[in-house]
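Chain by chain, the residues:
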Amino acid sequence: MSVPFTTLPLRPELLQGIAQIGYETMTPIQEKGLPLMLEGQDVIGQAKTGSGKTAAFGLALLNAIDPELRKTQALVLCPTRELADQVAMALRQLAQRMSNTRILTLCGGRPYRDQLAALEHGNHIVVGTPGRIGKHVQKRSLRLRDLSVLVLDEADRMMDMGFIDQVMDILYHAPIDRQTLLFSATFPPEIEVLSTSIQRRPQT
Ligand code: AMP
C-alpha cells in the first residue's frame with residue numbers, strides 16, 4: 001500500500017517542498033521510520049542508497065528545527081565528502097519552501113578559513129565528515145549546545161574508515177538530551193556497540 005506524505009504531522013512548508021520535488025508516496029523506510037522519527041524517538045535504519053533514507057532523516061530533522069533560532073540544531077555525519085554534498089543538496093531541496101533555513105557543509109579538503117567565515121553567520125543544520133567537524137568542535141568554531149538531532153549516515157562505512165574516535169569526540173560535546181538517528185547498510189557487531197553507546201531505546 002502506498003501512503004502519502006500528507007498523512008504525516010509535517011510542517012506545511014515541508015509538504016509543499018515534497019510536492020514541488022514530485023514525491024507522492026513514501027518509500028518503505030520513510031513509511032516505517034518517519035512516524036517514529038517525528039515523535040522524537042531514536043531510530044536505527046537499515047537502508048542502502050536508493051531506499052529514500054536521506055529524505056527520511058532529512059524530513060525528520062527539518063521538521064524538528066526552529067528556524068528562528070540561528071544555532072546548529074541538527075548535525076549529519078557522513079563518511080565521505082561526496083555523500084555530504086549529496087545530503088546537503090537533498091536537504092536544501094526539501095527545505096526549499098522553508099525560508100531562512102541555513103544548511104552548511106563542512107568537509108576536509110576545503111579551505112578552513114572559508115568554513116570559519118561561514119560558521120560565523122550561524123547555521124541551523126551542519127552536514128559533513130567527522131574529521132573536519134571534529135576539528136571545528138575542538139576549536140570551538142562549531143558549538144553543539146543547541147543540537148537536538150544527530151544523524152549518522154552510512155555508519156558502517158564511517159566505522160570501516162576508522163572514524164569512530166572522531167565520532168565519539170564530537171558526541172562528547174553534544175547534549176545528552178538529543179535525538180540520534182543511525183543509518184547503516186550492514187549491521188556488524190561494532191554498529192550494535194555504537195548504537196548502544198550513543199542511542200536511547202532505539203526503534204529499528
Ligand atoms: P537515497 O536512498 O536517499 O539515496 O535516495 C534515492 C533516491 O530516491 C533519490 O534520488 C531521491 O530523490 C529519491 N526519493 C526519495 N524519496 C522518494 C519518494 N518518496 N518518492 C520518490 N522518490 C524518492
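Every value quoted in this text rests on a predicted model; they were computed, and no experiment measured them.

*Asks:* Looking at this model, I keep getting lost on the overall build of the chain. Mind explaining?
*Replies:* When you go through the chain residue by residue, the secondary structure sums to nine helices and six strands. Against the 2.2 N^0.38 benchmark of 17 Å for 204 residues, the chain shows a C-alpha radius of gyration of 16 Å, consistent with a compact globule. When the backbone C-alpha atoms are referred to their principal axes, the chain occupies close to 45 × 40 × 30 Å. Taking all 204 residues of the chain together, the buried fraction comes to 50%. Considering only contacts in the chain between residues 6 or more positions apart, those separated by 24 or more positions represent 71%. Here the chain contributes 22 positively and 21 negatively charged side chains, and the mean placements of these two sets differ by 7 Å.

*Asks:* Hey, could you run me through the site of the ligand in this one?
*Replies:* Contacts to the ligand come from Phe5, Tyr23, Thr25, Thr27, Gln30, Lys48, Thr49, Gly50, Ser51, Gly52, Lys53 and Thr54. Gly50 places a polar main-chain atom, nitrogen or oxygen, 2.7 Å from an oxygen atom of the ligand. Within the backbone of Ser51, a nitrogen or oxygen atom sits 2.9 Å from an oxygen atom of the ligand. Protein burial of the ligand: of its 500 Å² of free accessible surface, 63% is covered by the chains.

*Asks:* What should I look at first to understand helix 6 (residues 130-138) in this one?
*Replies:* Inspection of helix 6 places Pro130, Arg132, Ile133, Gly134, His136 and Val137 among the buried residues, and these make up the whole buried set. Tucked inside the fold, the buried residues of helix 6 contact strand 2 (74-77), strand 3 (103-106), helix 5 (112-120), strand 4 (125-128), helix 7 (155-160) and helix 8 (164-172). Among the residues trailing helix 6, Arg140 stands out with phi positive, at a value near 65°.

*Asks:* Help me out: how do you make sense of the pairing of strand 6 (residues 179-184) in this one?
*Replies:* Across a regular strand the side chains alternate sides, sitting on one face of the sheet and then on the other. Burial analysis of strand 6 places six of its six residues in the buried class, which makes it a mostly covered element. Residues Gln179, Leu181 and Phe183 line one face of strand 6 and the alternating positions Thr180, Leu182 and Ser184 line the opposite face, and both faces are buried. The pairing of strand 1 (residues 43-46) with strand 6 spans four bridges and is classified as parallel. Residue pairing across strands places Ile44 opposite Leu182, the latter belonging to strand 6.

*Asks:* How should I be thinking about the packing of helix 8 against helix 9 (residues 189-198) in this particular structure?
*Replies:* It is the contact of helix 8 with helix 9, at a shortest axis distance of 12 Å, that shows an interaxial angle of 10°. What the angle tells us is that helix 8 and helix 9 run roughly parallel. Contact residues: Ile164, Met168 and Leu171 in helix 8; Leu194, Ser197 and Ile198 in helix 9.

*Asks:* Help me out: how do you make sense of the pairing of strand 2 in this one?
*Replies:* The side-chain alternation of strand 2 yields two buried faces, one formed by Ala74 and Val76 and the other by Leu75 and Leu77. Looking at chain direction, strand 2 and strand 5 (residues 149-152) are connected through four bridges and run parallel. What sits directly across from Leu75, in strand 5, is Leu150.

*Asks:* Explanation requested: helix 8 in the structure shown.
*Replies:* Along an α-helix, residues three or four apart share an orientation, since each turn contains 3.6 residues. Those residues of helix 8 that sit buried are Val167, Ile170 and Leu171. Buried residues of helix 8, viewed axially, fall in a sector of 100°; they line one side. Turned more than 90 degrees off the buried face of helix 8, the exposed positions are Asp165 and Tyr172. Elements that come into contact with the buried residues of helix 8 comprise strand 2, helix 6, strand 5, helix 7 and helix 9.

Analysis parameters
Residues numbered from 1 in each chain as written. Predicted model: local features only at pLDDT ≥ 70, side-chain atom pairs only at ≥ 80, totals over all residues. Heavy atoms only, no water. Helix = DSSP H or I, 4+ residues; strand = E, 2+ residues; numbered from the N terminus. Rg over C-alpha atoms; globule rule 2.2 N^0.38 Å. Buried < 20%, exposed > 50% of the residue type's maximum accessible area, 1.4 Å probe, protein only. Contact = heavy atoms within 4.5 Å. Lys, Arg positive; Asp, Glu negative; His and termini not counted. Charge placed at Lys NZ, Arg CZ, Asp CG, Glu CD. Near = heavy atom within 4 Å. Polar contact = N/O pair within 3.5 Å; in protein donor to acceptor, adjacent residues only side chain to side chain. Areas by Shrake-Rupley, 256 points an atom, 1.4 Å probe, with all protein chains shown as cover. Pairing = 2+ DSSP bridges. Axes fitted to C-alpha atoms, helices over the stretch in contact; angles between N-to-C directions. Parallel < 35°, antiparallel > 145°, perpendicular 65-115°, else oblique. Arc of directions from axis to C-beta.

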